[in-house]
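# Observations on chain architecture
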Amino acid sequence: MIGLEHPLIPVQHQYVVTSTIPEVKALKRELPVIRDLEGSYYIRQERDGLLFGPYESQEKMKVLDSWVTSGVPPDFGKELFESDLDRIMEHVEAAMEMVPVLKKADIINVVNGPITYSPDILPMVGPHQGVRNYWVAIGFGYGIIHAGGVGKYLSDWILHGEPPFDLIELDPNRYGKWTTTQYTEAKARESYGFNNIVGYPKEERFAGRPTQRVSGLYKTLESKCSMGFHAGWEQPHWFYKPDQDTHYRPSFRRTNWFEPVGSEYKQVMQRVGVIDLSPFGKFNIKGQDSIRLLDHLFANVIPKVGFTNISHMLTPKGRVYAELTVSHQFPGEFLLITGSGSELHDLRWIEEEAVKGGYNVEIKNITDELGVLGVAGPHARKVLQKLTSEDLSHDVFKFLQTKTLKISHIPVTATRISYTGELGWELYHRREDSAALYNVIMNAGQEEGIDNFGTYAMNALRLEKAFRAWGSEMNCDTNPLEAGLENFVKLNKPADFIGKQALKQIKAKGLKRRLVCLTLATDDADPEGNESVWHDGKVVGNTTSGSYSYSIQKSLAFAYVPVELSKVGQQVEVELLGKHYPAIIIQEPLVLTEPTRNRLQNKGGKEKN
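Throughout, a residue's number is its position along its own chain's written sequence, starting from 1. Restriction of local features to residues with pLDDT of at least 70 applies here, the model being predicted, together with a cutoff of 80 or more for giving and counting side-chain atom pairs; totals for whole chains, interfaces and linings are based on all residues. The basis for every side-chain value is the complete set of heavy atoms in the structure, and neither hydrogens nor water enter the calculation.

As recorded in an unreviewed UniProt entry, the protein goes by the name Dimethylglycine dehydrogenase, mitochondrial, listed as coming from Rousettus aegyptiacus. UniProt positions are given in the numbering used here, feature names are shortened, and annotations may be inferred rather than shown by experiment. The protein has a UniProt comment under Pathway (unreviewed entry) that states "Amine and polyamine degradation; betaine degradation; sarcosine from betaine: step 2/2."

Here is the structure:
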């Protein structure tokens with residue numbers, strides 16, 4: 001009706017219903033639902049019998065090809081497909097072993113009907129980018145079980161401008177133009193087959209990859225690294241050397257990426273590294289009301305022309321809707337950068353506020369047009385200076401400055417910023433120039449021992465510098481004060497930014513919890529986020545993200561704990577794989593950022609690097 005296509009396909013799902021089973025009828029209360037991951041099925045009580053539903057492997061499960069390509073026929077109502085017991089027999093046998101009364105039960109019905117699947121099994125709930133006042137609640141692979149909660153959250157969202165809980169995992173805007181029918185079918189088939197497998201930290205699923213959304217460096221790097229999937233993009237997670245194990249080995253413990261990531265960490269701390277950051281979401285905003293719009297959207301002040309800052313968009317209740325870097329490139333013209341998974345999530349919010357407030361601005365999504373290379377480490381300046389006539393010295397090209405220049409002959413927008421916390425630049429350029437730019441930088445850095453690094457090493461580096469990540473340390477469940485973002489929130493700026501009044505009330509009432517930095521001595525497992533924090537035999541909080549710290553050779557994590565337990569030196573425990581590990585709250589950051597180290601050196605009268 002409005003020209004939107006949602007990435008959904010119908011999948012055949014079978015379930016079996018038995019007649020009355022005496023042992024079930026004799027029960028005084030209803031059986032709980034049983035889910036057997038190894039047999040890949042669920043069983044629940046159905047009247048005085050049982051209902052049994054298997055999930056076949058992606059090789060055996062069925063879709064109707066004509067429905068995938070042409071959609072569900074308009075005249076299809078409540079009809080069913082022909083049942084196929086042979087296809088699910090191995091699951092039936094597994095269920096009979098687990099629940100022996102099934103062996104003598106009579107089957108009275110085999111139901112084979114269509115259910116809707118999205119590429120990642122999760123539904124799509126919320127407002128949609130690119131269309132006004134269009135809300136979705138679709139793709140529920142598990143049907144009625146979601147109904148009450150989704151109805152409540154969606155109505156709250158429509159009425160109050162935000163849901164009661166963060167629903168980013170269900171954001172319909174996690175998909176985009178790169179989500180083709182072929183991709184959707186491949187992923188839905190994979191997801192159906194993976195319904196009952198164990199999910200691992202750092203897990204990758206490979207069906208339907210790569211999409212057309214690959215960076216200009218994909219062909220150059222694909223044979224050298226383990227790629228991760230980020231909103232349709234392929235991005236290097238870690239790089240391997242010729243003698244290293246290159247296989248994908250998912251685990252709850254440190255696995256074959258651990259040593260190589262340690263080498264990449266040292267590379268950035270001691271020499272210079274290059275990372276492909278092309279998956280960033282990138283927006284250009286300009287027009288006579290651009291400054292007024294951004295002042296209304298962001299809790300931070302608007303940077304001066306030629307400068308960049310980190311800014312947060314808040315919800316009406318004062319929670320963190322998004323974190324972006326804002327670069328004021330030319331008077332009234334801005335480049336906004338967000339994480340890959342937040343691209344259309346953030347764009348929708350910006351566009352809706354622009355329309356709602358009647359701001360005269362032009363907003364352009366340039367995510368697919370620009371590639372991004374990060375160059376970071378103590379020798380970053382030395383390498384890049386060989387390739388440009390622009391003065392990159394500290395006094396001329398300061399931290400958080402942004403300039404248009406040429407690297408070799410390639411035009412770039414260079415911003416002196418790095419998520420590693422080390423000396424570095426992000427270089428924004430035409431996507432088709434990525435390979436050429438990468439090659440000239442790598443060639444220029446041979447003397448300095450330049451090498452690649454990936455997102456795993458970057459995560460370890462940012463955690464040591466106590467950099468927060470949106471979606472982990474902050475989201476629509478957290479406010480910026482408890483997340484330790486006070487430096488980026490200017491409650492005294494004249495503009496009445498979204499969430500300002502709510503935040504003033506939160507500040508006046510006082511905080512109940514705080515984000516803290518923890519170190520913990522583990523064996524061969526590291527926190528990833530969402531692990532329980534214990535104190536005095538009770539769960540008092542949760543980790544938000546974690547990593548191994550290669551500098552102190554211990555695990556490092558962010559966690560939310562009650563204010564009274566948030567002091568440096570406080571001892572708590574973190575639960576990993578069923579075991580409680582002693583943890584201690586430390587003064588953050590564990591490692592000072594390069595700009596801070598520079599400033600402290602200069603105060604001591606030493607020369608700048």
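## A word on empty space enclosed by the protein
Using only the protein atoms, space was sampled on a 1 Å grid; points where a 1.4 Å probe fits but cannot get out form cavities, open sets with protein on both sides within 12 Å along at least five of seven lines form pockets, and lining residues are those with an atom within 4 Å of a point. Grid points are joined across faces, edges and corners, and a volume is the space filled by probe spheres set on the points. Applying the stated criterion across every chain, the model contains 4 cavities of 30 Å³ or more. What the largest cavity holds in volume is close to 100 Å³. The wall of the largest cavity is formed by Trp157, Gly161, Glu162, Pro163, Asp166, Leu167, Ile168, Asp171, Tyr321, His345, Trp349 and Cys476. As for the second largest cavity, its lining consists of 13 residues, of which Ile275, Leu277, Gly374, Ser418 and Tyr419 are closest to the centre. Of all the secondary structure elements, the ones that give two or more residues to the lining of the second largest cavity are strand 16 (370-376) and strand 19 (424-430). Think of it this way: any DSSP run of H or I at least four residues long counts as a helix, any run of E at least two long counts as a strand, and we number them from the N terminus.

## Details of the packing of helix 7 (residues 258-270) against helix 12 (residues 455-464)
Across the interface, helix 7 lies against helix 12 with an axial gap of 8 Å and an inter-helix angle of 60°. The pairing of helix 7 with helix 12 is recorded here as oblique in orientation. Two packed elements cross with a definite hand, and for helix 7 against helix 12 that hand is right-handed. Contacts between helix 7 and helix 12 pair Val261, Glu264, Tyr265, Val268 and Met269 from the former with Tyr456, Ala457, Leu461 and Glu464 from the latter. Here the residues of the contact of helix 7 with helix 12 are counted per class, giving 7 nonpolar, no polar and 2 charged. Orientation is described by lines fitted to C-alpha atoms, with helices fitted over the stretch in contact, and by angles between N-to-C directions that extend from 0 to 180 degrees. Throughout this description, any angle smaller than 35 degrees is read as roughly parallel, any larger than 145 degrees as roughly antiparallel, any in the 65 to 115 degree range as roughly perpendicular, and the remainder as oblique. We call a crossing left-handed when the near helix sits turned anticlockwise from the far one by less than a right angle, and right-handed when that turn is clockwise. Contacts are assigned to residue pairs that have any heavy atoms within 4.5 Å of one another. Throughout, the ten residues Ala, Val, Leu, Ile, Met, Phe, Trp, Tyr, Cys and Pro are labelled nonpolar, Asp, Glu, Lys and Arg are labelled charged, and all others, Gly among them, are labelled polar.

## With respect to unusual backbone geometry
Along the chain, Arg209 connects to Pro210 via a cis peptide bond; the corresponding omega equals -5°. Here Pro210 is to be found in the loop between helix 5 (181-193) and helix 6 (218-221). Even without being glycine, Asp536 reaches a positive phi, approximately 55°. Residue Asp536 is classed as exposed on the basis of its relative accessible area, which comes to 71%. Whether a residue is buried, partly exposed or exposed follows from its accessible area with a 1.4 Å probe, protein chains only, as a fraction of its type maximum: under 20%, in between, or over 50%, in that order.

## Considerations on the pairing of strand 18 (residues 410-415)
Summarising burial for strand 18: 5 of the 6 residues are buried, a large majority. Note on pairing: DSSP must find at least two bridges between two strands before they are called paired. Pairing of strand 17 (residues 402-407) with strand 18 involves 6 bridges; the strand directions are antiparallel. Across the sheet, residue Lys406 finds its bridge partner in strand 18, namely Pro411. Between the antiparallel neighbours strand 17 and strand 18 lie 2 residues, among them Ser408 with a positive phi of about 55°.

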